[in-house]
Amino acid sequence: MKKQTLEEAFAQLETVIAKLEAEDISLEESFRVYSEGMELLQFCNASIDTVEKKVLKLNENGELDEF
């Protein structure tokens, strides 16, 4: 199974939101979809944190330092 990208996770979150907004969703299904959405949010947060830690900044000597 290939690793999910952040963009794919955001697209899935949009699908989750659309399902939760549907008028005909059952209570049981809404809990399942909500749980799926929370897992996606955790993945997105972890991915963003990883990227932020890898961001490089230019120091006063013109060298790159990790952020």
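Above this text you will find the structure in question.
Here is a short report on the structure shown in this document. (Residues numbered from 1 in each chain as written. Predicted model: local features only at pLDDT ≥ 70, side-chain atom pairs only at ≥ 80, totals over all residues. Heavy atoms only, no water.)

### What to know about the environment of glutamate 36
Part 1: Here glutamate 36 lies in helix α2 (residues 27-54).
Part 2: Residue glutamate 36 is classed as partly exposed on the basis of its relative accessible area of 27%.
Part 3: Each C-alpha atom, one on glutamate 36 and one on leucine 13, is 8.7 Å from the other, the two residues being 23 residues apart in sequence. (Helix = DSSP H or I, 4+ residues; strand = E, 2+ residues; numbered from the N terminus. Buried < 20%, exposed > 50% of the residue type's maximum accessible area, 1.4 Å probe, protein only.)

### A closer look at the packing of helix α1 (residues 6-21) against α2
Part 1: It is at 9 Å that the axes of α1 and α2 come closest, and there the two elements cross at 155 degrees. It follows from the interaxial angle that α1 and α2 lie roughly antiparallel. Relative to α2, α1 is oriented so that their crossing is left-handed. Together, Leu6, Ala9, Phe10, Gln12, Leu13, Val16, Lys19 and Leu20 of α1 and Ser30, Val33, Tyr34, Glu36, Gly37, Leu40, Leu41, Phe43, Cys44, Ser47 and Ile48 of α2 make up the contact between the two elements. (Axes fitted to C-alpha atoms, helices over the stretch in contact; angles between N-to-C directions. Parallel < 35°, antiparallel > 145°, perpendicular 65-115°, else oblique. Left-handed = near helix turned anticlockwise from the far one by under 90°. Contact = heavy atoms within 4.5 Å.)

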